[in-house]
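So you can see what is in the structure, the chains are spelled out below.
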Amino acid sequence: MNILRQDPDIIMLGEMRDKVTLDTAINAAHTGHLVLSTLHSNDAIGAVARLRNLGADNHNLASTLRLVISQRLLRRLDPDSRYPIEMPVDQIRRLVYTPEQLAGVQIYRARGTKDLPTGYRGRLGVFQLLPDTLELSQLVTDSTGGDDRAD
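Overview of the structure.

About the thresholds
- Residues numbered from 1 in each chain as written.
- Predicted model: local features only at pLDDT ≥ 70, side-chain atom pairs only at ≥ 80, totals over all residues.
- Heavy atoms only, no water.
- Helix = DSSP H or I, 4+ residues; strand = E, 2+ residues; numbered from the N terminus.
- Rg over C-alpha atoms; globule rule 2.2 N^0.38 Å.
- Contact = heavy atoms within 4.5 Å.
- Areas by Shrake-Rupley, 256 points an atom, 1.4 Å probe, with all protein chains shown as cover.
- Lys, Arg positive; Asp, Glu negative; His and termini not counted.
- Charge placed at Lys NZ, Arg CZ, Asp CG, Glu CD.
- Expected span 1.5 Å × (residues − 1).
- Buried < 20%, exposed > 50% of the residue type's maximum accessible area, 1.4 Å probe, protein only.
- Polar contact = N/O pair within 3.5 Å; in protein donor to acceptor, adjacent residues only side chain to side chain.
- Patch = residues over 30% accessible without salt bridge, like charges linked within 9 Å, V, L, I, M, F, W, Y side chains within 5 Å.
- Salt bridge = Lys/Arg side-chain N within 4 Å of Asp/Glu carboxyl O.
- Phe/Tyr/Trp six-rings, centres within 6.5 Å; stacked < 30°, edge-to-face > 60°.
- Lys NZ or Arg CZ within 6 Å of the ring centre and 35° of its normal.
- Arc of directions from axis to C-beta.

Regarding its fold elements, the protein chain presents 5 helices and 6 strands. Going from N to C terminus, the protein chain has its helices and strands arranged as β-α-β-α-α-β-β-α-β-β-α. On C-alpha atoms alone, the protein chain measures out to a radius of gyration of 21 Å, which is more than a quarter above the 15 Å that the 2.2 N^0.38 rule sets for 151 residues. Contacts in the protein chain between residues at least 24 apart in sequence constitute 71% of all its contacts with a sequence separation of at least 6. Total accessible area computed for the protein chain in this model is approximately 10800 Å², and 52% of it derives from carbon and sulfur atoms. Here the protein chain carries 18 positive and 19 negative side-chain charges, and the mean point of each set is 9 Å from the other.

Take a look at the structure:
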């Protein structure tokens, strides 16, 4: 809480792991500070359940949560060593896509080389955004618990 005495506009917390850190973040957010932090959860909506697990009540979540960003890093195929494969129609159907929706889409597989044994080079970020909306705030405020999808 000593950091709040300096009246910063933005506060970055390393990670919310306990109720003390959560309470500090909520108090700072209630007093007009922008609070940025990390949290372990499986997806953006799972962060709400995780914050509840840490002890946040619904009213505080609804009034202070502005945006949740979930991030996954995917391995990127090396464009020089990848090779095209046939569309796996059965797998595509399980993902609720029809072959017509993927017409013209080419799928590739990694091929290892002497210089690049895995066939992957670099990472690609995939992000899920959960912005604050009136509907989300109402759902959080009215909720009596919800599912626990955080890890």
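Looking now at helix α1 (residues 19–30). Helix length check: α1, at 12 residues, gives a terminal C-alpha distance of 16 Å against a target of 16 Å (1.5 Å per residue), a fit within 8%. Restricting attention to buried positions, one finds in α1 the residues Thr21, Leu22, Thr24, Ala25, Ile26 and Ala28. Residues of α1 that are buried sit in contact with β1 (10–12), β2 (34–36), α2 (44–53) and α3 (58–64). Here α1 starts with a cap whose side-chain oxygen sits 3.3 Å from the backbone nitrogen of Val20, and that cap is Asp18. Phi for Gly32, located one or two positions after α1, is positive at around 95°.

Let us look at a nonpolar patch on the surface. A surface patch of nonpolar side chains, amounting to about 390 Å² of accessible area, comprises Ile10, Met12, Leu34 and Leu36. Where the nonpolar patch is concerned, the elements lending two or more residues are β1 and β2. One can find Leu34 in strand β2. Assessed through its relative accessible area of 45%, Leu34 is described here as partly exposed.

Note on placement: Leu129 falls in strand β6 (residues 120–131). Apart from the residues within four sequence positions on either side, Leu129 is in contact with Leu67, Val68 and Ile69.

Moving on, we get to the packing of aromatic side chains. Within the structure shown, the criterion is met by 0 aromatic pairs. In this structure, Arg75 is placed above the aromatic ring of Tyr120, and the distance from its NZ or CZ to the ring centre is 3.8 Å. The ring of Tyr108 is capped by Arg82, whose NZ or CZ atom sits 3.9 Å from the centre of that ring.

Here the focus is helix α5 (residues 134–142). Those residues of α5 not exposed but buried are Leu136, Ser137 and Val140. Projection of α5 onto a plane perpendicular to its axis shows the buried side chains occupying an angular sector of 100°, all on one side. Pointing more than 90 degrees away from the buried face of α5 are the exposed residues Leu134, Glu135 and Leu139. Turning to α5, the residues buried within the fold contact α2, α3 and β6.

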